[in-house]
Amino acid sequence: MDIRSTVRGRRSIRRFTTVPVPETLVREILDEARWAPSWGNTQPWEFYVLTGNALKTFKKTNGQKFDQGEPSFPDIPMATEWIATLKARYNGIGKSMLKALGIQRNDDERRHLQSRAIYEIFDAPCLIVGCIDRRHGSHEYAMFDLGLITQTLCLLAHDRGLGTCLLAGAVRYPPVLRGIVPNADHKLFAIGIALGFPEREAPINTFERERAPLGELVTWVKH
């Protein structure tokens, strides 16, 4: 794909096929993504790749935490309130997903199952967890760099015919991950990236998306 088609065509995938992603392909994508820019070429990002039994254990345990209503304490504080403009956009995507799935607003059971699917990473066959070292002097700026390589990774995956979904739900219970991955005592888990082959015709993967018009996002300043 050309870069414009890749950027416009990439979308969050919320239903995957059962086809496993070859390890060689994941390695190729990560190898290319590491050329993303970072402040002073510090490259503060680190990743864990979960597949197989490790991923099965994660999905089961993370889903159980959600079912039990256990309070989450993510390593990176997550927004709980937004200004009206952002709140409207957040509500809009929620409505679009429920409509695509045919879930009524008052259907609490199906809404719960859909939310639980987030914590089970939509049953994707691969989970990539992005993190930074807590010993870094500036976590906030390192997060900016982690965002850059994460976007690069998602675009490269899309170019290879794979789908991704960025999931805060994958890192809301850090002890779950620390019980599975090695050498994680000094890591701050920032984001989970579900990775797999998209179920292309699934309504949850095909509903029309929206973006704010340029006028809401850009202010030209001329003198």
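Right above here is the structure, for reference.
These remarks concern the structure in this document. Just so we're clear, the structure is a prediction, and the values are computed from it rather than from any experiment. (Residues numbered from 1 in each chain as written. Predicted model: local features only at pLDDT ≥ 70, side-chain atom pairs only at ≥ 80, totals over all residues. Heavy atoms only, no water.)

## Brief notes about the overall build of the protein
Okay, step 1: Along its length, the protein carries 8 helices and 4 strands.
Okay, step 2: Against the compact-globule benchmark of 17 Å for 223 residues, the protein has a radius of gyration of 18 Å, which places it among compact chains.
Okay, step 3: Taken along the three principal axes of its C-alpha coordinates, the protein extends 55 × 50 × 35 Å.
Okay, step 4: Taken as a whole, the protein presents about 13800 Å² of accessible surface, with 53% of it coming from carbon and sulfur. (Helix = DSSP H or I, 4+ residues; strand = E, 2+ residues; numbered from the N terminus. Rg over C-alpha atoms; globule rule 2.2 N^0.38 Å. Areas by Shrake-Rupley, 256 points an atom, 1.4 Å probe, with all protein chains shown as cover.)

## Digging into unusual backbone geometry
Okay, step 1: Located in the positive-phi region is Phe122, a residue other than glycine, with phi close to 55°.
Okay, step 2: Inspection of the secondary structure puts Phe122 in the loop between α5 (108-119) and β2 (126-133).
Okay, step 3: Exposure remark for Phe122: the relative accessible area of 8% places this residue in the buried category.
Okay, step 4: In the Ramachandran plot, Asp123 falls in the positive-phi region, its phi being about 55° despite a non-glycine side chain. (Buried < 20%, exposed > 50% of the residue type's maximum accessible area, 1.4 Å probe, protein only.)

## Comments concerning the pairing of β2
Okay, step 1: Most of β2 sits out of view: 8 of its 8 residues are buried.
Okay, step 2: Alternating residues of β2 divide into Cys126, Ile128, Gly130 and Ile132 and Leu127, Val129, Cys131 and Asp133, and every residue in both groups is buried.
Okay, step 3: Examined bridge by bridge, strand β1 (residues 45-50) and β2 share 6 bridges and lie antiparallel to one another. In the strand pairing of β2, Leu50 is matched with Leu127.
Okay, step 4: In this structure, β2 lies alongside strand β4 (residues 187-196), joined through 8 bridges in antiparallel fashion. Across the sheet, residue Cys126 finds its bridge partner in β4, namely Leu195. (Pairing = 2+ DSSP bridges.)

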